[in-house]
Structure formats: structure tokens, C-alpha cells
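Given next are the chains, with one letter for each unit.
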Amino acid sequence: MTGAARRVHIVGAGLAGLSCAVELAASGVPVTTYEAAGHAGGRCRSWNDRVLDKIIDNGNHLLLSGNSSALDYLRRIGAGDALAGPPGAVLPFHDLGSGEGWVLRPNDGRVPWWLFAPSRRVPGAGAVAHLKGLAALARAPTQATVADALARNPLYRRLWEPLAVAVMNTRAADASALLLWRTVRETLGAGGRACRPLVARRGLGAAFVDPALRFLAEHGAEIRFGARLQAVAAEGARVAVLRFADTDVPLESDESVVLAVPPWSAGEILPDVTAPDRHHAIVNGHFRLDRAVELPGGAPLLGLVGGTAQWLFARDDVISVTVSAADALAERDGDAIAALLWADVAAALNLDGAAVPPHRIVKEKRATFAQTPDQAARRPGTRTALANLCLAGDWTDTGLPATIEGAIRSGQAAAGAVRDFAPENWNPAPPCAT
Ligand SMILES: Cc1cc2nc3c(=O)[nH]c(=O)nc-3n(C[C@H](O)[C@H](O)[C@H](O)COP(=O)(O)OP(=O)(O)OC[C@H]3O[C@@H](n4cnc5c(N)ncnc54)[C@H](O)[C@@H]3O)c2cc1C
């Protein structure tokens, strides 16, 4: 970068906006971030719940040790130790129908010898079935769904279907095979070393949000909460004014903007933007027990097959349940949901199914965009037809599903793009977003 650093205005303090702000502030660029809510974190946040008297997350968030951008971000903000997980790659499952349990245990290196060890793979299917499934996913055309690619594979119900729903928050019958392959390639494809399951030790806020806010404060970056961007005013092919409800923020000719809001907000601010426009819900149930519980299999989570609950997570005396692609479930009332989920928890962990413990049900109705091939084709790139405006967010074209890793990568990509922006050497990008 030449000359004095130019201010960047970042709209949205979810992980995409925060990672962009951190990246820029770390290299000395003045940053102002505007957040509509009274807190940062967006769809990845924690609070102290009054019913449970515990810090809970809006949803269980699983990362894998191959999520390199997320881990780099945590190290950068001084939270490198905020995630916890077992020393190796273990992914335990329990079949609620048959009562059978198994643990996927990929070996550390890239050569997948674990597939030849029956105790490390999905029971009832041999190494050839595992390999054929991976090959079918790798070869699937862009328009294929996970079911198109894998429905006939013997591991479909016990591996591919739950993975697709967990990773893409979309039923396997609709979800993009290509997006699942990209995740599998960066994790399973890189060996077990990239597949250790990691969860936030003391909650999402303590890992991803609070240390970032401290980092930004230490680097002189400003955050304005309760600031909802309503529109941008353009002059020629650049954004000249940011319009908030109670104020206008005029931009100097060399200042730039990163819009790191969800797709529905981006559509209101930039009516011509092409963006995914269908979403799916995730429902989480948090249950407070009278003692700490350990899940079987030596990991902080347990995959469930054949019930309503899909994944269990344990943190001290709280068991949390995740159900993705949960649009129908999210329409039911909280107590009905709690009873359904608790029945599955009790069956999996041999607990009393009748006495539903104190609980909190959290419904995120637009948890992520619907990650179908058609919706994925609507993801815009980082740069837009407005010279000084970039986009970030898990819904932009990161090449990955809508996850923490994708959101953070999008923020880092936008930071790189605006760092290069200078009015004198601007070459307009092909008009992809506005
Ligand atoms: C329940 C749940 C479970 C999940 N589980 C996982 C998981 O296990 N693993 C994983 O990797 N990912 C998971 N995800 C996905 C992950 O949380 C998201 O991909 C990520 O948090 C998205 O970050 P973002 O910054 O792109 O968007 P957001 O978090 O939506 O941030 C956008 C921010 O912009 C603000 N904003 C909106 N409009 C305006 C405006 N006009 N002006 C100013 N500010 C505005 C919003 O308030 C928000 O803070 C889950 C998500 C949910 C909801």
C-alpha cells in the first residue's frame, strides 16, 4: 500500500465484517464498522440465558481443524486456544433406530488407510463403498445434488445424508454435491489431521467475538452499534454516501466500503444485487442437567441418525441439540420441540425421557441460505460494479458452504480487495453484483 492508509467503512459486525476489520486494522488501515444490532457476532453469538443461568450459543457451531482461515483469525485476535477438541479425528454416531453406535476415525496422514480398518469406518459398508462414495462426490456435475451423486451409495443414510444436512443446512435431496465436495476436499481429503472436531470451549462470544472487539479497540478501530445502513448513494461508479436512519456519512473519494450483511439486507441496500433468496432454519435445544455429562466416543459431539435430533453437544452440565434444515420443526412451539428433542437425547444417552429438564429452544429461521445448486449459482463475488464497494458474507461466492470458515474467508478476501482500491488505478470489475 502506498501513501496514507484510506479509511474503510465496514457494514455488519458478524464474522465476515469482524474478520475484514481485523485484517485491515492489523495492517494499519483506519476502519469504522457499523452494526445494526446492539452487539456483534450476527448469527454466531452467545448470551447469558436467564432460564438456564448459563452462557449459551444461538446454535452449536462445529469447526474442523482443517478450517485454516478460521484458525488463523482466532490466532490473530489472541484466541488461538478458544477451541477445544479431542487430540485426533473422531466423529461418533448413534443410530436411534437400531441402537448401534460407531466412531469414524480417519488416520492423520493423507493416505486413507483407515478405510481398510472396520473399527474406524461406517459399519455395514466396506472400503470400496467409502471410496466409491468419495469418487462419486468428486465427479458430481455442478448441478447435481448430494442425493443425485450418492443416494445409491451404501453409506448414504449413515454418512453422506447427515453430513450434507450438517454442513449445508439443506436436505441431501436438494443440497449441492459440489459444495459438499469442496468441504470434504479441505478436510477429509487432507487426512485426519484436518478433521479434528473443534467447539468453542467457553462459547462463541468468548472465542470469535469478544477477543475481536478487544483487538479492534487496541488497534484504534471504531464500531458503531445500533447503526442500520438503509441505502448507499452513488456518484458515477462509486459509493459517495452511506445513508443511515438518523445520519448520512459522506465518503472521501479514496474511501471504500465493505458490505458484510446477510443477503436479505444486501438486497434492500443494493436492489440490483444477485444473491441467494431462499433460506433454511436451524433449531437448537439447550437442556440443563443436574450434572456434567460426557458423550460416548471421546468427542464433544455425537451424530444421531434416525430421529429428530441430529447432533448432540455437551458443555459441562448443558446438552445442546442441533436440527438443521428444520423449517417445519421451527414452526412448532418451544415445548413441543423440547419434548421431541429430549426423547432422542434420552434414548441416545440412556436418560429419563419423560422428565424434560430446564431448556431453551432457539429458532434461527434464516440460519443460512438454501445451499442448492441453483441458489449457489446466485452467489456474487467480492468486487462489484461500484469501484469502492466490496461484498462479504457466508453467502458470497467463497467456494465453500455457508459456514464460519466461509464467512471469515469472505471478510479476508474483501479486506484484500479494498486494500488494493485507489481511485487513480481503478479498473472496474465485471458487473457481477450491482
Ligand atoms: C444456528 C446456527 C448454527 C450454525 N452452525 C454452524 C456450524 O456448526 N459450523 C459453521 O461453520 N457454521 C455454522 N453456522 C453458520 C455461521 O454462523 C454463519 O456462516 C456465519 O456466522 C455468518 O457470518 P456473516 O458475517 O456472513 O453473517 P451474519 O452473522 O449474519 O452477520 C451480518 C451482520 O450484519 C448486521 N446487519 C444486517 N443488516 C445490516 C444493516 N443494514 N446495517 C448494519 N448492519 C447490518 C447483522 O445484524 C449481523 O450482525 C450456523 C449458523 C446458525 C444460525
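Residues numbered from 1 in each chain as written. Predicted model: local features only at pLDDT ≥ 70, side-chain atom pairs only at ≥ 80, totals over all residues. Heavy atoms only, no water.

**Focus on the sheet that holds strand β6 (residues 83-84)**
Right, on to step 1. Spatially, the 3 strands line up as an open sheet ordered β5-β9-β6, and their pairing is antiparallel. Because the sheet does not close on itself, it has two edges, and the strands there are β5 (63-64) and β6.
Right, on to step 2. Of the strand pairs in this sheet, β5 and strand β9 (residues 197-200) are connected by 2 bridges, and their pairing is antiparallel. The residue bridging L64 from the neighbouring strand is P197, located in β9. (Pairing = 2+ DSSP bridges. Helix = DSSP H or I, 4+ residues; strand = E, 2+ residues; numbered from the N terminus.)

**Quick word on the pairing of strand β18 (residues 318-323)**
Right, on to step 1. Burial within β18 is extensive, with 6 of its 6 residues counted as buried.
Right, on to step 2. Side chains V318, S320 and T322 of β18 all project onto a buried face; the interleaved residues I319, V321 and V323 project onto the opposite face, where all are buried too.
Right, on to step 3. The sheet contact formed by strand β15 (residues 279-288) and β18 spans 6 bridges and is antiparallel. For H286, the partnering residue across the bridge sits in β18 and is S320. (Buried < 20%, exposed > 50% of the residue type's maximum accessible area, 1.4 Å probe, protein only.)

**Things to note about the domain arrangement of the protein**
Right, on to step 1. Domain annotation of the protein identifies domain 1 (8-36 + 226-277 + 373-425), domain 2 (46-85 + 198-203 + 279-369) and domain 3 (107-194).
Right, on to step 2. For domain 1 and domain 3, the distance between their C-alpha centroids amounts to 33 Å.
Right, on to step 3. Contacts between the two partners involve 9 residues from domain 1, matched on the other side by 13 residues from domain 3.
Right, on to step 4. Summing both partners gives a buried area of about 730 Å² for domain 1 against domain 3, and 58% of it is carried by carbon and sulfur.
Right, on to step 5. The largest contributions to the domain 1 side of the interface with domain 3 come from P373, G399 and P401, which together make up 64% of the buried area.
Right, on to step 6. Across the domain 1-domain 3 interface, the total number found is 1 salt bridge.
Right, on to step 7. The shortest N-O distance in the salt bridge between E186 and R409 comes to 2.9 Å. (Domains from an automatic or database assignment. Contact = heavy atoms within 4.5 Å. Buried area = accessible area lost by both parts, 1.4 Å probe. Salt bridge = Lys/Arg side-chain N within 4 Å of Asp/Glu carboxyl O.)

**A closer look at the site of the ligand**
Right, on to step 1. Close to the ligand lie 36 residues; E35, R43, H61, L62 and D394 are nearest.
Right, on to step 2. S265 places a side-chain nitrogen or oxygen 3.0 Å from a nitrogen atom of the ligand.
Right, on to step 3. Interatomic distance of 3.4 Å between a backbone N/O atom of T403 and an oxygen atom of the ligand.
Right, on to step 4. Contact with the protein chains removes 92% of the 1,000 Å² of surface that the ligand exposes when unbound.
Right, on to step 5. Going through the elements one at a time, α1 (15-26), β2 (31-35), α8 (263-269), β15, β19 (359-369) and α12 (404-419) are the ones with two or more residues in the shell around the ligand.
Right, on to step 6. Its residues assigned to classes, the shell around the ligand comprises 19 nonpolar, 12 polar and 5 charged. (Near = heavy atom within 4 Å. Polar contact = N/O pair within 3.5 Å; in protein donor to acceptor, adjacent residues only side chain to side chain. Areas by Shrake-Rupley, 256 points an atom, 1.4 Å probe, with all protein chains shown as cover. Nonpolar A, V, L, I, M, F, W, Y, C, P; charged D, E, K, R; others polar.)

**Some details on the pairing of strand β1 (residues 8-11)**
Right, on to step 1. Where burial is concerned, the two faces of β1 agree: the one with V8 and I10 and the one with H9 and V11 are both buried.
Right, on to step 2. As paired strands, β1 and strand β14 (residues 256-259) are joined by 4 bridges and run parallel to one another. Bridged to V11 within β14 is L259.
Right, on to step 3. For the handedness criterion, the β-α-β arrangement of β1, α1 and β2 is classed as right-handed. (Right-handed = clockwise from strand over helix to strand, strands pointing away.)

**A few points about helix α5 (residues 156-168)**
Right, on to step 1. The end-to-end C-alpha separation of α5 is 16 Å, well short of the 18 Å expected for 13 residues at 1.5 Å each.
Right, on to step 2. Counting buried positions over the 13 residues of α5 gives 10, a clear majority of the element.
Right, on to step 3. Buried within α5 are the following residues: Y156, R158, L159, W160, P162, L163, A164, V165, V167 and M168.
Right, on to step 4. N169 sits one or two positions beyond α5 and adopts a positive phi of about 50°. (Expected span 1.5 Å × (residues − 1).)

**Focus: the nonpolar core**
Nonpolar side chains in soluble globular proteins tend to be buried together.
Right, on to step 1. The biggest cluster of nonpolar side chains holds 44 residues, and the ones touching the most others in it are L15, L18, L24, Y73, F208 and V258.
Right, on to step 2. Within the residue set of this core, elements represented by two or more residues are β1, α1, α2 (68-76), β9, α7 (204-218) and α12.
Right, on to step 3. The element contributing the most residues to this core is α1, with 8 residues.
Right, on to step 4. Residue assignment places this core across two domains, with domain 1 (8-36 + 226-277 + 373-425) and domain 2 (46-85 + 198-203 + 279-369) each supplying three or more.
Right, on to step 5. The residues contacting L24, other than those within four sequence positions of it, are V8, I10, V29, V31, A415, V418 and R419.
Right, on to step 6. Membership of the second largest hydrophobic core comes to 41 residues, among which are W114, A140, V146 and L301. (Core = buried A, V, L, I, M, F, W, Y, C linked by side-chain atoms within 4.5 Å.)

**A closer look at a nonpolar patch on the surface**
Right, on to step 1. Taken together, the side chains of W113, F116 and L131 make up a nonpolar region of the molecular surface, amounting to roughly 350 Å² of accessible area.
Right, on to step 2. Checked against the element boundaries, W113 lands in the loop between β8 (101-104) and α3 (127-139).
Right, on to step 3. When its relative accessible area of 47% is taken as the criterion, W113 is described as partly exposed. (Patch = residues over 30% accessible without salt bridge, like charges linked within 9 Å, V, L, I, M, F, W, Y side chains within 5 Å.)

**Notes on the environment of T396**
Right, on to step 1. By the element assignment, T396 lies in the loop between β20 (389-391) and α12.
Right, on to step 2. T396 sits 14 residues away from T382 along the chain, and the two C-alpha atoms are 7.1 Å apart.
Right, on to step 3. Excluding residues within four positions of it along the chain, T396 makes contact with R379, P380, L391 and S410.
Right, on to step 4. Here G393 takes part through its backbone oxygen, which lies 2.7 Å from a polar atom of the side chain of T396.

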